[in-house]
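Descriptive structure summary
Chain by chain, the residues run as shown.
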Amino acid sequence: MRLSPFWVVVADEFLWTKQTGEYGGFDDGAERNYDANDRIVFMPNGSAGTVRAALAVATTLYEWDSGDAHAAQEFLGVVGDVANAIASAVGYGWLGQILDAVFDVIGTVVAWFGGDPDNLGRQELGWTALELQRRTGTARMFSGTLHFQGRDYHYQLFYEVHGVEE
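Residues numbered from 1 in each chain as written. Predicted model: local features only at pLDDT ≥ 70, side-chain atom pairs only at ≥ 80, totals over all residues. Heavy atoms only, no water.

1. Some points on the overall build of the chain
A tally of helices and strands in the chain yields 3 helices and 7 strands. Secondary structure elements in the chain, listed N-terminal to C-terminal, are β-β-β-β-α-α-β-α-β-β. Considering only intrachain contacts with a sequence separation of at least 6, the fraction spanning at least 24 residues in the chain is 66%. If you sum the accessible surface of the chain, you get close to 9,600 Å²; carbon and sulfur atoms cover 51% of it. (Helix = DSSP H or I, 4+ residues; strand = E, 2+ residues; numbered from the N terminus. Contact = heavy atoms within 4.5 Å. Areas by Shrake-Rupley, 256 points an atom, 1.4 Å probe, with all protein chains shown as cover.)

Shown next as structure tokens:
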């Protein structure tokens, strides 16, 4: 059993996709940290960035019994670029519909190239710039957990949001 999260991130006027590597070897109660190159989702180049208006992160988790989670990775980068161009052209007021379309494309591409994985669901997080500033406060970070739970599975993805000095 292997897992791979996919993210669509929107920060102000930028939108991009991110996929981690495959993670396997899970038994009940097993924990595994993200590899170093999978840990940073915002900004896409790995450097710190400024949120002027809002940050939204949508996460979809896929589970594979067989197939290749990385087979669609290059194509998914193009999907993020196209989605960003569409959002820029039509305006970010259509963001919900654009995110739905991006995840539909991701699901189709992953099924085509990745061996028909199980989609374990999507969860969305979002904060205004003011909320981020308040929540990072003196601790300079906050964290949370995303729960993906079904009849025969329960996965938790832990996340941290760090504030940085400019």
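Next comes the rest of the description.
2. Quick notes on the packing of aromatic side chains
Summed over the entire model, instances satisfying the criterion amount to 5 aromatic pairs. Taken together, the ring pairs in this structure connect Trp-127, Phe-142 and Tyr-159 into an aromatic cluster. Looking at Arg-135, its charged tip hangs above the ring of Phe-142, at a distance of 4.0 Å from the centre. (Phe/Tyr/Trp six-rings, centres within 6.5 Å; stacked < 30°, edge-to-face > 60°. Lys NZ or Arg CZ within 6 Å of the ring centre and 35° of its normal.)

3. Brief notes about the pattern of salt bridges
Note on pairing: side chains with opposite charge can pair once their charged atoms come close. Under the counting rule described, the total for this entry stands at 2 salt bridges. Among the ionic pairs, Asp-12 bridges to Arg-52, the shortest N-O distance being 3.8 Å. Of this pair, Asp-12 sits in the loop between β1 (2-11) and β2 (14-19) while Arg-52 is found in the loop between β3 (23-24) and β4 (54-64), placing the two residues 40 residues apart along the sequence. A residue is classified by how much of its surface remains accessible, and Asp-12, at 15% relative accessible area, is buried. Note on Arg-52: relative accessible area 53%, which makes it exposed. (Salt bridge = Lys/Arg side-chain N within 4 Å of Asp/Glu carboxyl O. Buried < 20%, exposed > 50% of the residue type's maximum accessible area, 1.4 Å probe, protein only.)

4. So, the nonpolar core
Judged by nonpolar contacts, the single largest core of 23 residues is most densely connected at Val-9, Leu-55, Leu-61, Trp-127, Leu-132, Phe-148 and Tyr-155. Elements that contribute at least two residues to this core include exactly β1, β4, β5 (118-128), β6 (141-149) and β7 (154-162). In this structure, Leu-55 is in contact with Val-9, Val-10, Ala-11, Phe-42, Leu-125, Gly-126, Trp-127 and Leu-132, ignoring residues within four places of it in sequence. (Core = buried A, V, L, I, M, F, W, Y, C linked by side-chain atoms within 4.5 Å.)

5. Let's talk about unusual backbone geometry
We note that Arg-140 has phi near 65 degrees; this positive angle belongs to a residue other than glycine. Among the secondary structure elements, Arg-140 is positioned in the loop between α3 (129-136) and β6. For Arg-140, a relative accessible area of 31% translates into the label partly exposed.

Limitation: the analysis is restricted to geometry and does not speak to function.
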